[in-house]
Amino acid sequence: MQIQTDTHTHTISSGHAYSSLQENVNAARRAGIRLMAMTDHAPSMPGAPHIWFFGNLKVVPRIIDNVGVLRGVEANICDVDGNIDVPEQLVEQLDLVIASLHEAVIAPSDSASHTRALIGAIKSGLVDVIGHPGNPNYPIDIDALVKTAAQHQVLIELNNSSFLGSRRGSHKNCLAIAEAARDHGAWLTLGSDAHVSFSVGQFAECCDVIKQVGFPMERLVSTHAAKLLDFLEARGKTSMSKYHELR
Ligand SMILES: [Zn+2]
Ligand SMILES: [Zn+2]
């Protein structure tokens, strides 16, 4: 399966990751990735950079060594209404916003609250991707999440790290999410969630899930850089023309 994009990568700036942007770019190129989102943790995560870090992403070239670099963030969902720790004015400057539930920021409670938080984040319009929704620490109403994501054209992430020990017990949930996305018209994106360059663009486990559930390729944005660019453009992201040479 050809995969050209990685929508979830961390640099050393996240505080518990180990590679530079340049090292991630090099690894992306070696893995055949043409478009990579740089998505460091937003400020509520312990060790994460100050909010100014994200405001200054304008200094990062759009394309480095033939790899497109989207200016992104992995925002934290902070409450049951789905509010995130990245202000709206900053979201407008960014190319890709992931919203995730993290134990260090919001304690797990019950399925109704987790689902409400994720749906609130989707409906806010500020979020392009729901990160690692298969985390077994945060059980959710999968059908409700997937239907809302489909309706609001928000990507659901299949997170490769979730299959490699980051969030143990995710596999069953991720399969169920991929099946529900297949059946309810939702779109998927693959994210390595790399915290070291060697993981960038590595999607063997995600691809197994895609094949296993027979997910329709037309709703997997990761197969072509142009597909992800089109999707983000349709969501109102205005900088996608800066990556036209990757189409
Ligand atoms: Zn995360
Ligand atoms: Zn992450």
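Residues numbered from 1 in each chain as written. Chains lettered and ligands numbered in written order. Predicted model: local features only at pLDDT ≥ 70, side-chain atom pairs only at ≥ 80, totals over all residues. Heavy atoms only, no water.

Participant: I tried to follow helix H5 (residues 142-151) on my own but got confused; where do I start?
Facilitator: The α-helix advances 3.6 residues per turn, and as a result positions three or four apart in sequence lie on the same side. Looking at H5, one finds that the buried residues are Ile142, Leu145, Val146, Thr148, Ala149 and Ala150. In the core, the buried residues of H5 are packed alongside helix H4 (111-123), strand S7 (155-159) and helix H6 (170-184). Taken from the residues just after H5, glutamine 153 is the one with a positive phi, measuring 55°. (Buried < 20%, exposed > 50% of the residue type's maximum accessible area, 1.4 Å probe, protein only. Helix = DSSP H or I, 4+ residues; strand = E, 2+ residues; numbered from the N terminus. Contact = heavy atoms within 4.5 Å.)

Participant: In this structure, what is going on with the UniProt feature "domain: Polymerase/histidinol phosphatase N-terminal" (unreviewed entry) in the chain? I would like to understand it.
Facilitator: Here, the residues flagged by UniProt with the feature "domain: Polymerase/histidinol phosphatase N-terminal" (unreviewed entry) are residues 5-79. The span residues 5-79 carries 19% helix and 28% strand; its end-to-end C-alpha distance comes to 30 Å. (UniProt positions renumbered as here; feature names shortened; annotations may be inferred.)

Participant: Would you mind going over the UniProt feature "binding site: Zn(2+) 2" (unreviewed entry) in the chain with me for this structure?
Facilitator: The sites that carry the UniProt feature "binding site: Zn(2+) 2" (unreviewed entry) are, in the present numbering, His16, His41 and His195. Spanning 180 residues, the named residues nonetheless gather at one spot, since no C-alpha pair among them exceeds 10.8 Å. Position of histidine 16 relative to the elements: it lies in the loop between strand S1 (5-9) and helix H1 (21-30). For histidine 16, a relative accessible area of 32% gives the class partly exposed. Filtering out sequence-adjacent residues up to four positions away, histidine 16 remains in contact with His41, Met45, Pro46 and His195. Of the polar contacts made by the side chain of histidine 16, one reaches the side chain of histidine 41; its length is 3.3 Å. The residue histidine 195 is located in the loop between strand S8 (188-191) and helix H7 (204-213) in this model. (Polar contact = N/O pair within 3.5 Å; in protein donor to acceptor, adjacent residues only side chain to side chain.)

Participant: Any chance you could explain the packing of H4 against H5 here in plain terms?
Facilitator: Angle between the axes and distance between the axes are the two parameters that describe a pair of packed helices. Taken N-terminus to C-terminus, the directions of H4 and H5 make an angle of 0°; their axes are 10 Å apart at the nearest point. When the interaxial angle is binned, H4 and H5 end up roughly parallel. Across the interface between the two elements, Thr115, Leu118, Ile119, Ile122 and Lys123 of H4 pack against Ala144, Leu145, Thr148 and Ala149 of H5. By residue class, the composition of the contact of H4 with H5 is 6 nonpolar, 2 polar and 1 charged. (Axes fitted to C-alpha atoms, helices over the stretch in contact; angles between N-to-C directions. Parallel < 35°, antiparallel > 145°, perpendicular 65-115°, else oblique. Nonpolar A, V, L, I, M, F, W, Y, C, P; charged D, E, K, R; others polar.)

Participant: Got a minute to help me understand the coordination of the zinc ion (ligand 2) in this structure?
Facilitator: For a metal with four donors in a tetrahedral arrangement, the ideal angle between donors is 109.5 degrees, while six donors in an octahedron ideally sit at 90 or 180 degrees. Distances from the zinc ion (ligand 2) to its protein donors, His8 (NE2), His10 (NE2), Glu74 (OE) and Asp193 (OD), fall within 2.0 to 2.2 Å. One way to put it: the 4 donor atoms around the zinc ion (ligand 2) meet at angles of 81 to 169°, and that makes the site irregular. Every donor residue of the zinc ion (ligand 2) comes from the same chain, spaced as H-x1-H-x63-E-x118-D. The zinc ion (ligand 1) is placed at 3.4 Å from the zinc ion (ligand 2), the two being bridged by glutamate 74. Here histidine 10 is found in the loop between S1 and H1, whereas its partner glutamate 74 is found in strand S4 (residues 67-76), with 64 residues between them in sequence. (Donors = N, O, S within 2.8 Å, 3.2 Å for Na, K, Ca; no water. Tetrahedral: all angles 85-135°; square planar, octahedral: opposite > 155°, others 65-115°.)

Participant: I'm lost on the coordination of the zinc ion (ligand 1) in this one. Help?
Facilitator: Within the protein, the atoms that donate to the zinc ion (ligand 1) are Glu74 (OE), His102 (NE2) and His132 (NE2), at distances of 2.1 to 2.2 Å. Sequence positions of the donors to the zinc ion (ligand 1) reduce to the motif E-x27-H-x29-H.

Participant: Quick question: what am I supposed to make of helix H8 (residues 225-234) here?
Facilitator: Listed in full, the buried residues belonging to H8 are Ala225, Lys227, Leu228, Leu229, Phe231 and Leu232. Buried positions along H8 lie against S1, strand S2 (35-38), S4, strand S5 (96-100) and S7. Positive phi shows up at glycine 236, right after H8, with a value of about 100°.

Participant: How should I be thinking about the packing of aromatic side chains in this particular structure?
Facilitator: By convention here, two paired aromatic rings are described through the distance between centres and the angle between planes. A complete count under the given rule lists 2 aromatic pairs for this structure. Centre to centre, the rings of phenylalanine 53 and phenylalanine 54 are 5.0 Å apart; their planes meet at 80°, and the pair counts as edge-to-face. Seen in terms of ring centroids, tryptophan 187 and phenylalanine 231 are 5.2 Å apart; in terms of plane orientation they differ by 55°. Their pairing is tilted. One end of the pair, tryptophan 187, is in the loop between H6 and S8; the other, phenylalanine 231, is in helix H8, and 44 residues separate them in sequence. (Phe/Tyr/Trp six-rings, centres within 6.5 Å; stacked < 30°, edge-to-face > 60°.)

Participant: So what exactly am I meant to see when it comes to the nonpolar core here?
Facilitator: Where a protein is soluble and globular, its nonpolar side chains tend to be buried together. Counting 64 residues, the largest nonpolar core has Ile84, Val86, Leu158, Leu188 and Leu190 as its most contacted members. Ranked by residues supplied to this core, first place goes to H6 with 6 residues. Beyond its immediate sequence surroundings of up to four residues, leucine 188 is in contact with Leu155, Ile156, Leu158, Ala178, Ala181, Ile210, Phe215, Arg219, Leu220, Val221 and Ser222. One finds Leu35, Val129, Leu155 and Met240 within the second-largest nonpolar core, a separate group that totals 16 residues. (Core = buried A, V, L, I, M, F, W, Y, C linked by side-chain atoms within 4.5 Å.)

Participant: Please clarify how the environment of leucine 35 should be interpreted in this entry.
Facilitator: Mapped onto the secondary structure, leucine 35 falls in strand S2. For leucine 35, a relative accessible area of 0% translates into the label buried. Setting aside residues no more than four positions away along its own chain, leucine 35 makes contact with Gln4, Thr5, Asp6, Gly68, Val69, Leu70, Ala225, Leu228, Leu229, Tyr243 and Leu246.

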